[in-house]
Amino acid sequence: MYEPIRTKSVHTMAGTADFPHRSREEELDIQLAGHLAALLAVTDELRGLEPSASAELDAAAERLAEQVTRLRGGRPPVRAGVAVGGGGRGPVPAGLHQRAHALAGRALVVAASRADTAGAILAAQRMDVHAAAVAVTEPALTAH
């Protein structure tokens, strides 16, 4: 009564076997590396604007670079040179600390989702440091 179907279904995606898929863990690695690389860029910018905190920021930048390199399979992040002394030009450090805090928060969420302990600890530490820096530079904002 019915003739068998001789063509492929229109609901089957063509060429799905040839398409390279990434696992969920690979996708989370990419996201975490991106958030940490962005945090590294802001940290490098802060290093140039806050020479008094240079030693702490240098250590943080190195730890961030190590994590990004690990997540990218050994490829180190591209980093801009650090310009010393903002001289009042450019963004206010408090705004950079707020941006860094937000980036560290995003990294923490992804690291927790991925169960990456080293990344989560580093992100949480950076969140604490940047939250404290915002509280010192802008006490009126944190009082409410």
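Conventions and cut-offs
- Residues numbered from 1 in each chain as written.
- Predicted model: local features only at pLDDT ≥ 70, side-chain atom pairs only at ≥ 80, totals over all residues.
- Heavy atoms only, no water.
- Helix = DSSP H or I, 4+ residues; strand = E, 2+ residues; numbered from the N terminus.
- Buried < 20%, exposed > 50% of the residue type's maximum accessible area, 1.4 Å probe, protein only.
- Contact = heavy atoms within 4.5 Å.
- Areas by Shrake-Rupley, 256 points an atom, 1.4 Å probe, with all protein chains shown as cover.
- Axes fitted to C-alpha atoms, helices over the stretch in contact; angles between N-to-C directions.
- Parallel < 35°, antiparallel > 145°, perpendicular 65-115°, else oblique.
- Left-handed = near helix turned anticlockwise from the far one by under 90°.
- Nonpolar A, V, L, I, M, F, W, Y, C, P; charged D, E, K, R; others polar.
- Salt bridge = Lys/Arg side-chain N within 4 Å of Asp/Glu carboxyl O.

(A) Quick look at the overall build of the protein chain. Helix and strand counts for the protein chain stand at 5 helices and 0 strands. The N-to-C order of helical and strand elements in the protein chain reads α-α-α-α-α. Counting over 144 residues, the protein chain shows a buried share of 32%. Pairs at least 24 residues apart make up 74% of the contacts formed inside the protein chain by residues separated by at least 6 positions. When the accessible surface of the protein chain is split by element, carbon and sulfur atoms take 59% of a total near 9300 Å².

(B) Structural detail: the packing of helix α1 (residues 24–49) against helix α2 (residues 54–71). At their nearest, the axes of α1 and α2 sit 9 Å apart, and the two run at 155° to each other. On the basis of their axis angle, the class for α1 and α2 is roughly antiparallel. In this structure, α1 meets α2 at a crossing whose hand is left-handed. In this structure, α1 uses Asp 29, Leu 32, Ala 33, Leu 36, Ala 37, Leu 39, Leu 40, Thr 43, Asp 44, Leu 46 and Arg 47 to contact α2, whose residues at the interface are Leu 57, Asp 58, Ala 61, Leu 64, Ala 65, Gln 67, Val 68 and Leu 71. Broken down by class, the residue content of the contact of α1 with α2 amounts to 13 nonpolar, 2 polar and 4 charged.

(C) Inspection of the pattern of salt bridges at higher detail. Scanning all chains against the criterion turns up 9 salt bridges. A salt bridge links Asp 29 to Arg 114, with the shortest nitrogen-to-oxygen separation between them at 2.0 Å. Here Arg 114 lies in helix α3 (residues 93–114) and Asp 29 lies in helix α1, a separation of 85 residues in the sequence. Between Asp 116 and Arg 70 there is a salt bridge, with the nearest N and O atoms lying 2.7 Å from each other. Taken together, the residues Asp 116 in the loop between α3 and α4 (117–137) and Arg 70 in helix α2 connect sequence positions 46 residues apart. Its relative accessible area of 5% is what places Asp 116 among the buried residues.

(D) How the structure looks around the packing of α3 against α4. Orientation of α3 relative to α4, taken along the N-to-C sense of each, is 155°, at an axis distance of 8 Å. Here α3 lies roughly antiparallel to α4, going by the angle between them. At the point where α3 passes α4, the crossing takes the left-handed sense. Packed against α3, whose contacting residues are Ala 94, His 97, Gln 98, Ala 100, His 101, Ala 104, Gly 105, Ala 107, Leu 108 and Ala 111, the element α4 presents Gly 119, Ala 120, Ala 123, Ala 124, Arg 126, Met 127, His 130, Ala 131, Ala 133, Val 134 and Thr 137 at the interface. Of the residues contributing to the contact of α3 with α4, the split by class is 13 nonpolar, 7 polar and 1 charged.

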